[in-house]
Amino acid sequence: PEIELTKDPIGANRGKALSEQAGILAGRARKYYHSRNYTPPYRPTNANWEITFRALGWKRRTVEKFWKLFCRINTSLDGAIKLHEFLDFFELDWTP
């Protein structure tokens, strides 16, 4: 009888509860959606960029559109667009 108790014949102690697993998956889905679809608001922090945008004649709305596109391309979130990110976004292939 002691051996039978340690075998767990109905599998009651196998892993986490269904509600706990659902919570974990929901958290992962929320994090994934947020990382793919959230664009931080544009906050001018670089005076040189602002001067350049004004010299180009860009209005605030145009700069914000540019910022949203930049954030969509920059998947590594490091503040710079890498070549592979650019190619992936525009669905281009590397050329030999």
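That block above? That's the structure.
Now for a description of the structure that goes with this document. (Residues numbered from 1 in each chain as written. Predicted model: local features only at pLDDT ≥ 70, side-chain atom pairs only at ≥ 80, totals over all residues. Heavy atoms only, no water.)

1. Examining the packing of aromatic side chains
Logical step 1: All told, the structure shown has seven aromatic pairs when counted by the stated rule.
Logical step 2: In this structure an aromatic cluster arises from ring pairing among Tyr 42, Trp 67 and Phe 70. (Phe/Tyr/Trp six-rings, centres within 6.5 Å; stacked < 30°, edge-to-face > 60°.)

2. A closer look at the side chain of Glu 85
Logical step 1: In this structure, Glu 85 sits in helix α5 (residues 83-89).
Logical step 2: Buried charge without a salt bridge: Glu 85, with Lys 82 as the nearest opposite-charge side chain at an N-O distance of 5.4 Å.
Logical step 3: Setting aside residues up to four positions removed in sequence, Glu 85 forms contacts with Ile 73, Asn 74, Thr 75, Ser 76 and Ala 80. (Helix = DSSP H or I, 4+ residues; strand = E, 2+ residues; numbered from the N terminus. Buried < 20%, exposed > 50% of the residue type's maximum accessible area, 1.4 Å probe, protein only. Lys, Arg positive; Asp, Glu negative; His and termini not counted. Salt bridge = Lys/Arg side-chain N within 4 Å of Asp/Glu carboxyl O. Contact = heavy atoms within 4.5 Å.)

3. Some details on the environment of Gly 79
Logical step 1: Here Gly 79 lies in the loop between α4 (60-73) and α5.
Logical step 2: Leave out the neighbours within four places in its chain, and Gly 79 touches Phe 70 and Asn 74.

4. Looking at the pattern of salt bridges
Logical step 1: Summed over the entire model, instances satisfying the criterion amount to two salt bridges.
Logical step 2: Where Glu 64 meets Arg 60, a salt bridge forms, and the shortest distance between an N and an O atom there is 3.0 Å. Separated by four residues within a single helix, Glu 64 and Arg 60 lie in helix α4, roughly one turn from each other.
Logical step 3: Classification of Glu 64 by relative accessible area gives partly exposed; the value is 32%.
Logical step 4: One salt bridge in this structure joins Asp 78 and Lys 82, with 2.1 Å as the shortest N-O distance.
Logical step 5: On the basis of relative accessibility, which here comes to 33%, the residue Lys 82 falls in the partly exposed class.

5. Re a nonpolar patch on the surface
Logical step 1: Side chains of Ile 81, Leu 83, Phe 86, Phe 90, Leu 92 and Trp 94 sit close together on the surface and give an oily, nonpolar patch of about 610 Å² of accessible area.
Logical step 2: Among the structural elements, Trp 94 can be located in the segment after α5.
Logical step 3: With a relative accessible area of 60%, Trp 94 lands in the exposed category. (Patch = residues over 30% accessible without salt bridge, like charges linked within 9 Å, V, L, I, M, F, W, Y side chains within 5 Å. Areas by Shrake-Rupley, 256 points an atom, 1.4 Å probe, with all protein chains shown as cover.)

6. Topic: the side chain of Glu 50
Logical step 1: Residue placement: Glu 50 occurs in helix α3 (residues 47-56).
Logical step 2: Look at Glu 50: it is buried, it has no salt bridge, and the nearest opposite charge is Arg 54 at 4.7 Å.
Logical step 3: Not counting the four nearest positions on each side in its chain, Glu 50 is found in contact with Tyr 42 and Pro 44.

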